[in-house]
Each structure stands twice: as C-alpha cells, then as structure tokens.
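Listed below, chain by chain, are the residues.
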Amino acid sequence: MVAKIVVVTSGKGGVGKTTSSAAIGTGFALRGLKTVIIDFDVGLRNLDLVMNCERRVVYDLINVINEEATLSQALIKDKRTDGLYILPASQTRDKDALTVEGVQRVLDELSGVFDIIVCDSPAGIEKGALTAMYFADEAIIVTNPEVSSVRDSDRILGILQSKTKRAAEGREPVKEHLLITRYSPERVKKGEMLSIQDIEEILAVPLLGVIPESKSVLKASNQGLPVILDSVSVAGQAYGDAVDRFLGQEVEHRFINPSRMAIFKRMFGGE
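This section reports on the structure supplied with the text. Starting afresh in each chain, residues are numbered from 1 along the sequence in its written order. In view of the model being predicted, local features appear only for residues whose pLDDT reaches at least 70, and side-chain atom pairs are presented and counted only at 80 or more, with totals across whole chains, interfaces and linings using the full set of residues. Computation of side-chain values covers all heavy atoms of the structure but excludes hydrogens and water.

### Section: the nonpolar core
Worth spelling out the cut-off: Here, nonpolar core refers to any group of buried Ala, Val, Leu, Ile, Met, Phe, Trp, Tyr and Cys residues whose side-chain atoms link them within 4.5 Å. With a 1.4 Å probe rolled over the protein chains alone, any residue whose accessible area is under 20% of its type maximum counts as buried; one over 50% counts as exposed, and the rest are partly exposed. Each helix is a run of DSSP H or I of at least 4 residues and each strand a run of E of at least 2, with the numbering of both proceeding from the N terminus.
Counting residues in hydrophobic clusters, the biggest one holds 49 residues, and the most contacted among them are Ile38, Ile117 and Leu160. Ranked by residue count, the leading element in this core is helix 7 (residues 147-162), at five residues. Residues Met51, Cys53, Leu179 and Phe246 belong to the second largest nonpolar core, which totals 36 residues.

### Thoughts on the pairing of strand 2 (residues 35-39)
Note the following rule: For two strands to be treated as a pair, DSSP must find at least two bridges joining them.
The element strand 2 is largely enclosed, with a buried count of five among its five residues. Residue alternation in strand 2 divides its side chains into two sets, Thr35, Ile37 and Asp39 and Val36 and Ile38, and both sets are buried. Sheet analysis places strand 2 next to strand 4 (residues 84-87), joined by four bridges and oriented parallel. If you follow Val36 over to strand 4, its bridge partner there is Tyr85. By the bridge criterion, five bridges tie strand 2 to strand 5 (residues 116-120) in an arrangement that is parallel. Considered in strand 5, the bridge of Ile38 is made with Cys119.

### Description of helix 12 (residues 234-246)
Let me state the cut-off plainly: Each helix should span, by expectation, one fewer than its residue count multiplied by 1.5 Å.
The end-to-end C-alpha distance of helix 12 is 18 Å, a good match for the 18 Å that 13 residues give at a rise of 1.5 Å each. With 13 of 13 residues buried, helix 12 is to be regarded as a mostly interior element. Directly beyond the C-terminal end of helix 12, a positive phi value near 100° is found at Gly248.

### Quick word on the packing of aromatic side chains
Note the threshold: Each aromatic pair joins two rings of Phe, Tyr and Trp (for Trp, the six-membered one) with centres within 6.5 Å, and gets the label stacked for planes under 30 degrees apart, edge-to-face for over 60, and tilted for any other angle.
Scanning the entire structure with this criterion turns up three aromatic pairs. On the basis of an interplanar angle of 55° and a centroid distance of 5.3 Å, the ring pair of Phe28 and Phe246 is categorised as tilted. Of this pair, Phe28 sits in helix 1 (residues 17-30) while Phe246 sits in helix 12, and the two are 218 residues apart along the sequence. Across the pair, exposure class does not vary: Phe28 and Phe246 are buried alike.

### Observations concerning the sheet that holds strand 3 (residues 76-77)
Hydrogen bonds along the backbone pair up the strands of a sheet, which may run parallel or antiparallel. Where we set the bar: Only heavy atoms enter the contact rule, under which two residues are in contact if any of them lie within 4.5 Å. Helix axes are fitted to C-alpha atoms over the stretch in contact, other axes to C-alpha atoms as well, and angles between N-to-C directions run from 0 to 180 degrees.
Spatial strand order, 3-4-2-5-1-6-7-8: eight strands in an open sheet with mixed pairing. Looking at the sheet topology across the chains shown, the edges are occupied by strand 3 and strand 8 (207-212). Here strand 6 (residues 138-143) pairs with strand 7 (residues 175-183) via six bridges, running parallel. Considered in strand 7, the bridge of Val142 is made with Leu179. In the packing of helix 10 (residues 196-203) onto the sheet, the strands contacted are strand 6, strand 7 and strand 8, and the crossing angle to strand 7 comes to about 150°.

### Some words on the state of the cysteines
Here is the rule we go by: Put simply, a disulfide is two cysteine sulfurs that come within 2.5 Å.
Summed over all chains, the structure comprises zero disulfides. Cysteine Cys53 shares no disulfide, and the gap to the nearest cysteine sulfur, in Cys119, comes to 16 Å. In this structure Cys53 comes out as buried when scored by relative accessible area, which is 3%. In this structure Cys119 comes out as buried when scored by relative accessible area, which is 1%.

### Concerning the pairing of strand 1 (residues 4-9)
Burial of strand 1 is extensive: five of the six residues sit out of reach of the surface. Strand direction decides the pairing type here: strand 1 and strand 5, joined by five bridges, are parallel. Within strand 5, the residue paired with Val7 across the bridge is Cys119. With four bridges connecting them, strand 1 and strand 6 associate as parallel partners. Residue pairing for strand 6: Val6 is matched across the bridge by Glu138.

### Describing unusual backbone geometry
Positive phi values are uncommon outside glycine, yet Glu67 reaches one of about 60°. Tracing the backbone shows Glu67 in the loop between helix 3 (61-65) and helix 4 (71-74). A relative accessible area of 62% places Glu67 in the exposed class. Not every positive phi belongs to a glycine, and Arg182 is a case in point at roughly 55°. Inspection of the secondary structure assignment puts Arg182 in strand 7.

Quick look at the structure:
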C-alpha cells in the first residue's frame, strides 16, 4: 500500500490552513480512510490545539526525524474519529531541523500504514513550507477572497509546478485543488470581496470547495473540534462537501449565493 500525500498550503498566513487540514483530515477518516495529519509548522505548532490533543504531545516530528523517538511513540490517536492520527510539530526547534532526507524517511514509513497523509504546511515559501510541499501528490491551495491572498497563492502554484519531487523527476505534476475560505456572498455582492469567478480566473485551478464565513469555525477551533464535526454549521457541511469532491463525488457547491445562505440561516438559526 502506498499512501496518497496531500499538502494543504497557502502563500499568506491566517487563511485557515490548519483549520482546513484538521477538517479535511477528519473527513477522510470519517469516510473510512486511515489518515495521519502532520504539522510542518516547526516552532509554532497549532494543529494539536485545533485537534484538542496538545496535552498528549510527548514526542514530535523532529524527534522522529532525529531518531530520538519512533513513529509509534510520536503519533497521537484521535479520540473522536477512528482511523485518524496526528503527528505534531516541535515548538522548541528551528525549521532547519527539517531535512528532506528525514522527512522522506518518515513519509516512507507512514506510507506503509496509512491511506492518506495530510501535510499541514506553514504559510509562505520558507523551509518548512517547501519541505511540506516537496513530496506532495496532490495540493489543496487555501485562499481568502482578497487580492493579496490570491496573489500569494499564485506564487505557491509556481513552486508546486517547479520545486516538488514530481517536478524534479519529470513525473506527472502535483494535482492542484482550490479551497476558498471565509467567503461571504453578501460582501461579494457589495464589491467588498473577490468573487469565486475572479479567483478562478486568476489562479486557474479546479475549485474543490467554498467555505463560507462563519462564527462556527472560530468556535470549533477554540473548542479543539475540527469544524467538519459540527454538521449543523454551514462551514462544517461545506468541508464535508469538499472532502467528497476530493474523493471523486460530484457534489453541488452550496452556500455561494446570498439567497441560499439566508434561507439556510433562517432554517437552522444562524451560523
């Protein structure tokens, strides 16, 4: 068995990358795929907070790379979702501790056990981000509907097409997916945000999902709950739809125009 390696990435920070990694990784596991989410944000480490397992972190990715711990010692089994594991980043090390050879060794070992490996990349193009992207088979590019976020995402697309292992070996390129977060149809209508069409025109990447602006995302993060588990919220449902599309199902895009959003909020009482 060879696992599929999926990187969740963006050019700009604060667009919802870790929230998306947690939600999408949980969604894969809910659909029966044995899944591990790796936090590549060495020095910061937020995935364990979003997944509510920060108190269970003893060993981390860098410990495994440096052979100070085994993978079985470092992997944290999610308590809520069967078949879901987290490999946390180190808060105390420098990003230079990430080596391509070390990461390759970890991914090879994980690949024999898991169906999908989700790499939660740091923002931008520093070493942690480049390493997280390097081994990807598929990439989910997370962007907000604003010019600076979309422009930075375009730069990330250039790196995915030129600086990954697939590119270096002349193989089939990394398959790209676009995930738009914090989308508000009302604000788009007022001209305060880029439209989905604007973003698609600039980036020219197939649209995986549109996650509406929703208070439930912040609430879930603060509770250490992947928002996809909040099946009443529009954001939770939108992430569920995105996971199904990634796995090959044809699912209509919901929550992308003002009228349908308004009806949904009236039916389900808000966010």
